[in-house]
Amino acid sequence: MPGKSRAVLIGTSTYSDADLPDIPQVGPGLAELGRLFTALGLVQGCDLLLDQPSVPELGRGLTAAMDLAEDLLLVYYIGHGLVGRSHELYLGMRDSVPAHPDFGSLSYNSLRERVLDSPAATKIVILDCCFSGRALGSALSSQVDELIIDGTYLLTSSPRDRVSLVLPGEEHTAFTGRLLRLLSTGIPGRGDHVTIDDVYHELLRVMTASGLPRPQKRATRAADQFRIPNRAAVVSPEDLRAQVEAVVDVARASGWPTAVDDLTGLLNRQLDSLPTDHPDVLRTQSHVLFALAAGGAAAESAGRLAEVHAAQVGVHGQDHVDPLRTQHYLAICVGESEGPLAAIPLLRLLTPAQRRVLGYEHEDTLRAHHTLARYLYRSGAVEEAQVLLEEVLVIRERALAADDPVLLRSRRDLELVRGWSGG
């Protein structure tokens with residue numbers, strides 16, 4: 001995944017002027033774009049700037065977000081596009097006035113200058129802009145007149161004098177919806193990656209074939225060769241399994257909540273080719289639910305983890321690493337939602353089974369013992385917690401590098417317990 005790559009998703013769905021109809025598709029479109037860009041590994045984070053109250057407020061959000069990008073900055077706008085007296089483009093905001101877009105609208109030139117200031121090596125700007133004041137189902141347009149950002153790929157929803165559409169009954173605008181579908185399914189017959197220019201030409205083909213306005217693009221330098229994972233490429237279950245494990249390794253080191261989108265994307269790809277009760281699918285579901293729990297949904301995840309555990313037992317039996325790991329996840333969810341005293345009995349049943357099946361020095365066994373020690377400490381059983389942590393630390397010191405985050409965490413927790421017990 002690229003380092004320090006970000007997407008800035010800008011949109012206005014509600015307008016105070018009667019001549020600018022609301023566009024309810026904006027919010028869902030931006031949210032889905034953020035999930036997809038993250039799942040594809042294009043960006044590490046997304047900043048959603050939806051229905052900002054004023055241009056200064058939007059400007060502060062833009063500045064904060066853009067300054068974080070180093071490798072890639074991806075800016076996406078959905079809303080009404082307005083044309084000024086000199087034919088310059090303005091991006092509509094809540095209080096935009098169609099006859100005077102310079103009041104209360106974001107000048108594209110201002111956005112362009114701010115993007116130029118970004119340190120990102122690659123800049124991609126995508127505009128899906130509404131122009132006319134007609135009701136939904138009619139005109140959305142963007143007028144682009146050599147609005148090229150140096151070193152950037154600029155993709156627009158229509159030619160300068162044509163409209164883009166919101167089609168009746170569709171969840172997204174015509175342009176954004178088809179781009180989402182294309183990125184989600186990929187381009188058949190290509191390799192593992194396609195360029196953004198490949199995406200443009202496929203999008204052009206799809207929209208032209210449907211009688212929709214033809215998207216436009218401009219590029220400078222080598223921005224048109226920016227590579228995007230191609231989801232239509234055949235990926236083996238083994239490759240997906242390895243990708244899941246790689247994401248899990250990062251999650252254990254950096255925090256589980258950050259892995260939700262990546263794991264969910266990989267789970268969806270597994271479900272494209274594997275049955276719902278396949279061991280790989282069940283394993284990834286378990287990871288996804290634990291990541292969601294770490295983000296604050298422990299109680300909600302507990303019931304679903306119990307279902308995954310039952311399915312894994314049906315596939316593997318009780319004595320297998322997968323159901324044992326899911327039992328550990330479930331115990332943590334119970335502990336975080338109901339308290340340590342509810343989790344301790346579950347862990348006392350789990351840890352002997354892990355020692356018998358996996359061995360005392362298996363990392364899953366050590367993780368469960370470490371978790372049990374933490375809950376014992378939180379429940380007041382400090383001496384037992386200290387004994388457990390001392391045993392875990394001895395084994396980890398033999399197996400892990402001195403600066404390994406897991407080892408450092410074990411030492412830190414033991415010091416905390418010793419300090420509390422006076423030992």
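Everything that follows concerns the structure shown earlier in this document.
Attention in this report is confined to the structure presented alongside it.

Calculation rules
- Residues numbered from 1 in each chain as written.
- Predicted model: local features only at pLDDT ≥ 70, side-chain atom pairs only at ≥ 80, totals over all residues.
- Heavy atoms only, no water.
- Salt bridge = Lys/Arg side-chain N within 4 Å of Asp/Glu carboxyl O.
- Helix = DSSP H or I, 4+ residues; strand = E, 2+ residues; numbered from the N terminus.
- Buried < 20%, exposed > 50% of the residue type's maximum accessible area, 1.4 Å probe, protein only.
- Pairing = 2+ DSSP bridges.
- Right-handed = clockwise from strand over helix to strand, strands pointing away.
- Axes fitted to C-alpha atoms, helices over the stretch in contact; angles between N-to-C directions.
- Parallel < 35°, antiparallel > 145°, perpendicular 65-115°, else oblique.
- Left-handed = near helix turned anticlockwise from the far one by under 90°.
- Contact = heavy atoms within 4.5 Å.

1. Looking at the pattern of salt bridges
Logical step 1: Evaluated as defined, the whole model comprises 25 salt bridges.
Logical step 2: Residue Glu70 pairs with Lys4 through a salt bridge whose shortest N-O separation is 3.5 Å. Placement of the pair is Glu70 in the loop between helix 2 (55-66) and strand 3 (72-83) and Lys4 in the segment before strand 1 (6-11), with a sequence separation of 66 residues.
Logical step 3: You can call Lys4 partly exposed: its relative accessible area is 47%.
Logical step 4: The salt bridge partner of Asp67 is Arg114, with a shortest N-O separation of 2.6 Å. You can see Asp67 sitting in the loop between helix 2 and strand 3 and its partner Arg114 sitting in helix 3 (residues 108-117), a full 47 residues away along the chain.
Logical step 5: Exposure remark for Arg114: the relative accessible area of 16% places this residue in the buried category.
Logical step 6: Ionic contacts of the salt-bridge type, sharing partners, join the residues Arg241, Asp280, Arg283, Asp322, Arg325, Glu363, Asp364, Arg367 and Arg396 into one network.

2. Some words on the pairing of strand 2 (residues 45-50)
Logical step 1: Of the two faces of strand 2, only one is covered, namely that formed by Gly45, Asp47 and Leu49; the face formed by Cys46, Leu48 and Leu50 stays uncovered.
Logical step 2: Taken together, the six bridges between strand 1 and strand 2 define a ladder with parallel strand orientation. If you follow Ile10 over to strand 2, its bridge partner there is Leu49.
Logical step 3: As a crossover connection, the stretch from strand 1 through helix 1 (residues 26-39) into strand 2 is right-handed.

3. Thoughts on the packing of helix 9 (residues 321-338) against helix 11 (residues 363-379)
Logical step 1: Running from amino to carboxyl end, helix 9 crosses helix 11 at an angle of 15°, the nearest separation of the two axes being 11 Å. Accordingly, the angle class assigned to the pair helix 9 and helix 11 is roughly parallel. Note that helix 9 runs across helix 11; the crossing there is left-handed. Facing helix 9, whose interface residues are Val321, Arg325, His328, Ala331, Ile332, Gly335 and Glu336, helix 11 presents Asp364, Arg367, Ala368, Thr371, Tyr375 and Arg378.

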